[in-house]
Every structure is written in structure tokens, then in C-alpha cells.
Amino acid sequence: MNQNIQLLHSLKHERPSAGVDDSGIKVHDVITPSFDIPLRGSSGMEVDSVVGRPFALIDEITELSPAGEDGLQLGDQIVMFGDVDAGGNFLSRLANEAQTKQGQPVPVVLIRQGAPVNMLVTPRTWAGRGLLGCHFRVV
């Protein structure tokens, strides 16, 4: 319960800013909480990582893609993908990380429905485009 109270007090919201997606339609960035609590793995044990601010949102997942099969979901907010976290030029760094780690499980830290989640995603070839089969949007 103490951790839940700490979590509520740690939420920091930013004002949404307008942007334009590839289709030219005006969109708003997602309001994302910033967590500063240890992430717990599925075993209930603490993981070394501390959940930070998300840098990308999954806004498209292709059916039967590696991303979908490994458990990524629409709306997941990516905090860390392997060695890639927030910072400049993250899309090319993310693509490079997927290519470098092709066929190997990559640790992913994300926020799903307001809760931190730790999972593994394996970039791999499949019938579709790319090694993951999902689209990331900058937040």
C-alpha cells in the first residue's frame, strides 16, 4: 500500500503538445506519467531498472508480428528497449538495436495502463515488414 501511495505522489503530468503525423493530421502527444519506483518482474522480485519517462508509444501492431506474439500491445509506452532509452535520434537507435539483437530476447521496460511492465521481445524475421511488426510514435 505504501508503494501505491508513493506511486500516486510520483505522477507528473505534462501538457499535451500538438504535432502532425505522417498523414498530415494534427495529433496530440500522450500525457504520460513519470515513475521513479523500482520495477518488479513477473516473479515479484525487484529488477535493477528504475522506470523513467516514456519516449515512444506503440500506435500500430501488425497481426502475427513478433511484437504482437511477444506481448506488446497498442498504447504501450516504451521507457527502454534494450540499450535504447530517451534521447536524440532514438528511432534509428531503436532500429539498430533490433538489427543487432535479431533472434535474441531484448529486455523492454514499458508503461501499460499506468503500470510499469518488464518483458522480453525478440526481433526476428517474419512474413511482414521489419523485425518487430509495430510502429512507434514519439511522445
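Conventions we followed
- Residues numbered from 1 in each chain as written.
- Predicted model: local features only at pLDDT ≥ 70, side-chain atom pairs only at ≥ 80, totals over all residues.
- Heavy atoms only, no water.
- Helix = DSSP H or I, 4+ residues; strand = E, 2+ residues; numbered from the N terminus.
- Contact = heavy atoms within 4.5 Å.
- Salt bridge = Lys/Arg side-chain N within 4 Å of Asp/Glu carboxyl O.
- Core = buried A, V, L, I, M, F, W, Y, C linked by side-chain atoms within 4.5 Å.
- Buried < 20%, exposed > 50% of the residue type's maximum accessible area, 1.4 Å probe, protein only.
- Pairing = 2+ DSSP bridges.
- Phe/Tyr/Trp six-rings, centres within 6.5 Å; stacked < 30°, edge-to-face > 60°.

Participant: Would you mind going over the side chain of T122 with me for this structure?
Facilitator: Mapped onto the fold, T122 is located in the loop between β9 (115–121) and β10 (134–138). The residues touching T122, leaving out its near neighbours within four places in the chain, are P66, D70, G103, Q104 and P105.

Participant: Would you explain the pattern of salt bridges in this entry?
Facilitator: Pairing between side chains of opposite charge can happen when their charged atoms approach one another. In the structure shown here, the tally under the stated rule is 7 salt bridges. Across the salt bridge formed by R112 and D76, the nearest N and O atoms sit 2.7 Å from each other. Separated by 36 residues along the polypeptide, R112 in strand β8 (residues 106–112) and D76 in the loop between α2 (66–69) and β6 (77–81) bring together distant segments of the chain. Between D83 and K101 there is a salt bridge, with the nearest N and O atoms lying 3.9 Å from each other.

Participant: Help me understand the side chain of S65 in this model?
Facilitator: Examined against the element boundaries, S65 turns out to sit in the loop between β5 (56–61) and α2. When sequence neighbours within four positions are dropped, the list of residues in contact with S65 reads W126, L132 and G133.

Participant: How should I be thinking about the nonpolar core in this particular structure?
Facilitator: Within soluble globular proteins, side chains that are nonpolar generally end up buried alongside one another. If you look at the biggest cluster of nonpolar residues, it comprises 18 residues, and the most contacted ones within it are L72, I78, F81, V108, L132 and F136. Those elements that place two or more of their residues in this core are β5, β6, α3 (90–100), β8, β9 and β10.

Participant: Where do I start with the pairing of β5 in this structure?
Facilitator: As a general feature of sheets, a regular strand has side chains that alternate between the two faces. Bridge count between β5 and β6: 2 bridges; the pairing is antiparallel. Bridge pairing in β6 places A56 opposite I78. Bridging between β5 and β10 involves 5 bridges; their strand directions are antiparallel. Within the sheet, the bridge partner assigned to A56 lies in β10 and is V138.

Participant: Can you help me understand the packing of aromatic side chains in this one?
Facilitator: Any aromatic ring pair is given by two values, namely how distant the centres are and how the planes are angled relative to each other. Scanning the model with the defined rule gives 1 aromatic pair in all. Seen in terms of ring centroids, F55 and F90 are 4.7 Å apart; in terms of plane orientation they differ by 75°. Their pairing is edge-to-face. Taken together, the residues F55 in the loop between β4 (46–50) and β5 and F90 in helix α3 connect sequence positions 35 residues apart. Using a relative accessible area of 5% as the deciding quantity, one classes F55 as buried. With a relative accessible area of 8%, F90 lands in the buried category.

Remember that the coordinates give geometry; whether it matters functionally is a separate question.
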